[in-house]
Amino acid sequence: GQQVMQIPQYQHVQEGEDFTTYCNSSTTLSNIQWYKQRPGGHPVFLIQLVKSGEVKKQKRLTFQFGEAKKNSSLHITATQTTDVGTYFCAAQETSGSRLTFGEGTQLTVNP
Amino acid sequence: KAGVTQTPRYLIKTRGQQVTLSCSPISGHRSVSWYQQTPGQGLQFLFEYFSETQRNKGNFPGRFSGRQFSNSRSEMNVSTLELGDSALYLCASSLQGQTYEQYFGPGTRLTVT
């Protein structure tokens, strides 16, 4: 079945540093979604990317979908303690197929 | 709008028993998906139901089953529980399916002893 690799598994940063997590698939994707799960919480939808080369921004968060639609990244500029949590990508091969989650990147931010 | 609700929130069962978990989606949402979350395995997809029909299924044994009712509420059942079934079970609802934004419930924490 479809596999989605997400790296790194863990990332520790000082507050104010940047952070990036990457998501890679061996197959071309229909779309990719990003979620954030705070410690003790449940995943919360952040964004969906559909088009090749798409870039979307939400305040300090920048999401990119690769030109080949096989990879994606989430970049956070100037991290804050409120950014702590696990970030998951979730990929769909074709519209209507199952959503496959990456293993997540756990971000800790030292104040 | 009320969010996704899951009951019970916590459950302790013994090996060999069976368990039924319930999920009430956001009003108007027709798709309900179930996931198992464990520290070592991340979020593993169990199945998705849409309009009372199972639309997608993950790679779990037949001990895991589910259903969806006409009001979109969903249940999942695990029979003959094993220690490895201890996990957080999350359900997520969406308007039309997994192509769309998933709204997750708080989960049911199942502990099998």
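Conventions adopted
- Residues numbered from 1 in each chain as written.
- Chains lettered and ligands numbered in written order.
- Predicted model: local features only at pLDDT ≥ 70, side-chain atom pairs only at ≥ 80, totals over all residues.
- Heavy atoms only, no water.
- Contact = heavy atoms within 4.5 Å.
- Buried area = accessible area lost by both parts, 1.4 Å probe.
- Salt bridge = Lys/Arg side-chain N within 4 Å of Asp/Glu carboxyl O.
- Polar contact = N/O pair within 3.5 Å; in protein donor to acceptor, adjacent residues only side chain to side chain.
- Helix = DSSP H or I, 4+ residues; strand = E, 2+ residues; numbered from the N terminus.
- Pairing = 2+ DSSP bridges.
- Disulfide = S-S within 2.5 Å.
- Buried < 20%, exposed > 50% of the residue type's maximum accessible area, 1.4 Å probe, protein only.

I would appreciate a short explanation of the interface of chain A and chain B in the present structure.
The figure often quoted for interface size is the accessible area lost as the parts come together. Of the residues lining the interface, 16 residues belong to chain A; the matching set on chain B comes to 17 residues. Of all residues in chain A, H42, R98 and F101 of chain A bury the most surface against chain B, accounting for 34% of the area lost on that side. The interface formed by chain A and chain B contains zero salt bridges. Counting across the chain A and chain B interface gives seven residue pairs in polar contact (both at pLDDT 80 or more). Secondary structure elements with two or more residues in the side of chain A that touches chain B: β4 (31-37), β5 (44-49), β9 (85-92) and β10 (99-101) of chain A. Here the side of chain A that touches chain B takes four residues from β4 of chain A, the largest share from any one element.

Just to check I follow, could you spell out the pairing of β5 of chain A for this structure?
The two faces of the sheet receive side chains in turn, since in a regular strand these alternate between them. Residue and element names in this part refer to chain A. Bridging between β4 and β5 involves five bridges; their strand directions are antiparallel. Considered in β5, the bridge of K36 is made with V44. In sequence, β4 turns back onto β5 through a hairpin of six residues, with G40 there showing a positive phi of about 80°.

Would you mind going over the state of the cysteines with me for this structure?
Throughout this description, disulfide means a covalent bond between two cysteine sulfur atoms. All names here are of chain A. Per the counting criterion, the structure on display carries two disulfides over all chains. Note that C23 is cross-linked by a disulfide to C89, the S-S spacing being 1.9 Å. For the disulfide bridge between C23 and C89, the dihedral angle about the S-S bond is near 65°, and by the sign convention the bridge is right-handed. With C23 in strand β3 (residues 19-25) and C89 in strand β9, this pair connects stretches of sequence that are 66 residues apart. A single burial state applies to C23 and to C89, both of which are buried.

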